[in-house]
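Coordinate inspection notes
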Amino acid sequence: MRLQSKLLLSFGSVLIAAFILVEIIGYQQTHEKMLAGLRQDAREIRAILMATRRVYQHQFVDSGLPLNEKTLGFLPAHALRRISDDFRNWSSSGLSFNNVSDRPRNPKNQADAIELEAMDWFRDHPKQKERLIPFTDQQGQSYYHFSSPIWIEEYCLKCHGDKDAAPETIRETYATSYNYQLGDLRDLMSIKLPAHFIEDEVLAQRLNEMWGHLLAFALAFGFGAWLLRRLVIQRLTLLQSAVGDLAKGDYATRVPVQGRDELCELASAFNTMAEQRQQAESLRQESEQQVRDLLDSTAEAIYGVDNEGRCTLTNPACLQMLGYPDAGELIGKALHPLIHHTKADGTPHPLDECLIDKAWRDGQATHTAEDIFWRSDGSSFPVEFSAYPIRRDGEVVGAVVTFLDITERLQNEESLRRAQKMEAVGQLTGGIAHDFNNLLGIMLGNLDFLQRLVADDEKASKRVQTTTKAALRATDLTKQLLGFSRRESKNITATDLNQVIRGMKNLIARSVTPEVEVEVQLAEGLWLTEIDRGDLQDALLNLVLNARDAMPNGGKLTIETANRVLDAIYEEQNPIADQGDYVQLAVSDNGSGIPAEALEHIFEPFFTTKPEGKGTGLGMSMVYGFTQRSKGYIKAYSEPGIGTTVRLYLPRSGDQVQESTRPTDKKTGLPRGNEVILIVDDEADLLELAKDHLETLGYHTIVAENGKQALQKLAEAEHIDLLFSDVVMPGGINGYELAEQATTKRPELKVLLTSGFTKKAIAKNGQAQFSATLLNKPYSKAELAWRVRETLDG
Ligand code: ADP
Ligand code: MG
């Protein structure tokens, strides 16, 4: 039953009880009032009757009539008897009265039971003057009996005294002696009032009042119910719904508090509680959110398992790495058979060997630096993972596993390992090449000396020449080796790669077989790069030659340049590259390609797949050395059977593109000039080649075959701008000495020396200025053109 009904029922019951009580009390009061009225009425009737009785008595006594049959009717008791009988004839009210006696002369006046009892009562209570009691007669009628005693007085004895003492006139009427004594109680004035008089009256009045009471109580009930609703039920309902909201998790509901009663206290206690719950809830949510944020944001994969190895939690990184779209696919599942079932070598990974399961099984934290996990698509990836037991109250209830995809790290480690290897190889070869070069210098010098000694002996001379050729070839090789291992470049300038390539177009075309189609794509607005131009030419030539060799039956060679911005992502993927602006040179072919096993080694010196005598294995190492020195880097991409692309990334120079005012060769893009150049070389072929090159570029040339001749020409000539001389020459004067003497004579003369040897081998004190700008043999036309132009321009 609802509280409201209960309260209303209780209130209603109380009201009904009160109503009944009021009615009972009302009844009693009305009854009493009525009874009092009745008593008063009875008194009045008695007074009339007594007065009537007295009148008769006096009349009779005063008349002096004798008491006989005829006068008997004048006696008071007789008269009253008649009045009483007559009254009963006249009135139908049921009221009756009579003067009765326990020893009457007229038997009709004999007192009945109730009247006899009243007489006895009065005898016992002589001071009482009246009595009113309810009684029921033999017919079952209810009455009120009002009675009052009539004590015997003097005059009564006249008729009711002793027979002998009675007057003679009435003596014969005495049946017996009455023997009344003075002060006896022999008569009673008895009035019987029908009770229905009162009962009807009381009932009518009660009924009358009861309607009023009923209305009042109904109003009281209504008002009470209204108050109850307003003061209690309504507020309780509010509280109840607020508590319901709270139970459902809505912590924002508050109950209005107005006043200071118990319900208000309850409401305010509820509000305080809700407030605290809300705060606690928001704190809980916040900390939950923080944990979620951490799990969602970390790049590390995290998952949890219970103490049977079933997944309980995953973070987004974990799902992403394992290739599951949502956590539902993993939660509740045993993870070992899903992601850790097979080892890297393809053999099954038994659960009892699993280091993750050790964490939840034995409560032992484990770390594994390298292992593999399996993705949902069946592929695997290398991981590093840690597993830690989760303890609750000292008992292991599961484990938390964190892992990282280490594909990138392994790749980086691999590239670093390679870079370090190249570095070590570079140092080694550099050291050897350097010493070798010095030794070759000595050998060549001595062979030169020998050549002159045996000039007349044709056989010996031939041998010396053969040896010299071999030594020169060895010098070439060491030069290439040095190209790989040299740490610094000689002539670093801001260079326009496009310009260099344009200058090499002819050379490139001549270097490849006719079946090879050459395409050059040069990016517009290419940035400058800080490199050694000669080195670049060598590198490009090496790449072109490799491409040619890879396409024995012809194919397509593409040379491209482009600006490239390498960002952090690129740097991450290629740990040896620094981010920044680069100029990219790419050389591609659609030749044989390089198998993966070989690709790793192509930059190593002496690594070649070509037959003996054809490959030296020094080309790529030179290119590698060049990019290293230029603070750039190199990447080779190859698909066997499809082709190879080698990309050089050379750092962008801060300098602006220098618009050369110099005339350049239209065909080759090489710088031209019209200055006078003295060319000195003891090798006729080389001398001829240099003369040819320079003249096609617009220069005027004078040639000399040795130092002596050169000094002579210098003396003869009116004007010479540049001395271009070999270093090692027969005839007593080497290139350095020549340069020294020539510049003493003509201080404005510019000098460019060329040699197959390293500068250190031969340069003496004071000749360093010339060795610094040494042009290494063999040189290309482009190299010559640029270096000549640079020297002339200072
Ligand atoms: P060499 O050319 O003397 O063999 P390199 O250092 O120039 O020496 O090249 C090393 C090796 O790299 C070559 O022998 C060849 O196997 C491989 N290689 C280089 N470039 C290419 C290319 N474009 N196509 C196929 N293989 C190449
Ligand atoms: Mg090569």
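Reading the values: rules and limits
Residues numbered from 1 in each chain as written. Chains lettered and ligands numbered in written order. Predicted model: local features only at pLDDT ≥ 70, side-chain atom pairs only at ≥ 80, totals over all residues. Heavy atoms only, no water. Helix = DSSP H or I, 4+ residues; strand = E, 2+ residues; numbered from the N terminus. Expected span 1.5 Å × (residues − 1). Near = heavy atom within 4 Å. Polar contact = N/O pair within 3.5 Å; in protein donor to acceptor, adjacent residues only side chain to side chain. Areas by Shrake-Rupley, 256 points an atom, 1.4 Å probe, with all protein chains shown as cover. Phe/Tyr/Trp six-rings, centres within 6.5 Å; stacked < 30°, edge-to-face > 60°. Buried < 20%, exposed > 50% of the residue type's maximum accessible area, 1.4 Å probe, protein only. Patch = residues over 30% accessible without salt bridge, like charges linked within 9 Å, V, L, I, M, F, W, Y side chains within 5 Å. Salt bridge = Lys/Arg side-chain N within 4 Å of Asp/Glu carboxyl O. Domains from an automatic or database assignment. Buried area = accessible area lost by both parts, 1.4 Å probe. Nonpolar A, V, L, I, M, F, W, Y, C, P; charged D, E, K, R; others polar. UniProt positions renumbered as here; feature names shortened; annotations may be inferred. Pairing = 2+ DSSP bridges.

Helix length check: helix H1 (residues 3-63) (61 residues) gives 88 Å between terminal C-alpha atoms against 90 Å at 1.5 Å per residue, within 8%. Phi turns positive one or two residues past the end of H1, at Gly 64, with a value near 70 degrees.

In the vicinity of ligand 1 there are 19 residues, among which Asn 546, Thr 608, Thr 609, Lys 610 and Met 620 approach most closely. Thr 608 is positioned such that a nitrogen or oxygen atom in its side chain is 2.5 Å from an oxygen atom of ligand 1. Within the side chain of Thr 609, an N or O atom sits 2.3 Å from an oxygen atom of ligand 1. Taking 530 Å² as the accessible area of ligand 1 by itself, protein coverage stands at 92%. Listed by contribution, the elements that provide at least two residues to the shell around ligand 1 are helix H14 (533-550) and helix H17 (619-629). Ranked by the residues each element gives to the shell around ligand 1, the list is headed by H14, at 3 residues.

To continue, consider the packing of aromatic side chains. All chains considered together, the criterion is met by 15 aromatic pairs. A centroid spacing of 5.8 Å and a plane angle of 25 degrees characterise the contact between Phe 223 and Trp 226, whose relative ring orientation is stacked. On the criterion of helical spacing, the pair formed by Phe 223 and Trp 226 is a turn pair, its members being 3 residues apart in helix H6 (residues 195-248). A relative accessible area of 48% places Trp 226 in the partly exposed class.

Taken together, the side chains of Ile 16, Ile 20 and Ile 24 define a hydrophobic patch exposed on the protein surface, amounting to about 280 Å² of accessible area. Inspection of the secondary structure puts Ile 24 in helix H1.

It is common to report an interface's size as the accessible area lost on association of the parts. Domain boundaries in the chain define domain 1 (36-195), domain 2 (298-405), domain 3 (422-484), domain 4 (487-651) and domain 5 (676-792). Taken over C-alpha atoms, the centre of domain 3 sits 28 Å from the centre of domain 4. With both sides pooled, the region where domain 3 packs onto domain 4 buries about 1,000 Å², and carbon together with sulfur makes up 65% of that total. The three residues of domain 3 that bury the most area against domain 4 are Met 422, Gln 480 and Phe 484, which together make up 50% of that side's buried surface. At the junction of domain 3 and domain 4, the tally comes to 0 salt bridges. The tally of links between domain 3 and domain 4 comes to 0 residue pairs in polar contact (both at pLDDT 80 or more). Going through the elements one at a time, helix H11 (407-453) and helix H12 (458-485) are the ones with two or more residues in the side of domain 3 that touches domain 4. Per-element tally for the side of domain 3 that touches domain 4: the top contributor is H12, with 6 residues. For the side of domain 3 that touches domain 4, the per-class residue count stands at 6 nonpolar, 4 polar and 1 charged.

As recorded in UniProt, the sites labelled "domain: PAC" (unreviewed entry) are residues 367-418. In the segment residues 367-418, helix accounts for 23% and strand for 62%; the C-alpha atoms at its two ends are 28 Å apart.

All right, on to the UniProt feature "coiled-coil region" (unreviewed entry) in the chain then. Following the UniProt record, the feature "coiled-coil region" (unreviewed entry) maps to residues 266-297 here. Between the C-alpha atoms that bound residues 266-297 the distance is 45 Å, and the span itself is 100% helix and 0% strand.

Taken as a whole, this structure holds 39 salt bridges when the rule is applied. When the shortest N-O distance is used, the salt bridge between Asp 296 and Arg 292 registers 3.2 Å. Note that Asp 296 and Arg 292 are positioned in helix H7 (residues 262-297) at a spacing of 4 residues, about one turn of the helix. A relative accessible area of 33% places Arg 292 in the partly exposed class. Residues joined in a network through salt bridges with shared partners are Asp 102, Asp 120, Arg 123, Asp 184 and Arg 186.

Turning our eyes to something else, we now look at the pairing of strand E13 (residues 555-566). Alignment of strand E11 (residues 516-521) against E13, held across 6 bridges, turns out to be parallel. Note that in E13 the partner of Val 518 across the bridge is Leu 557.

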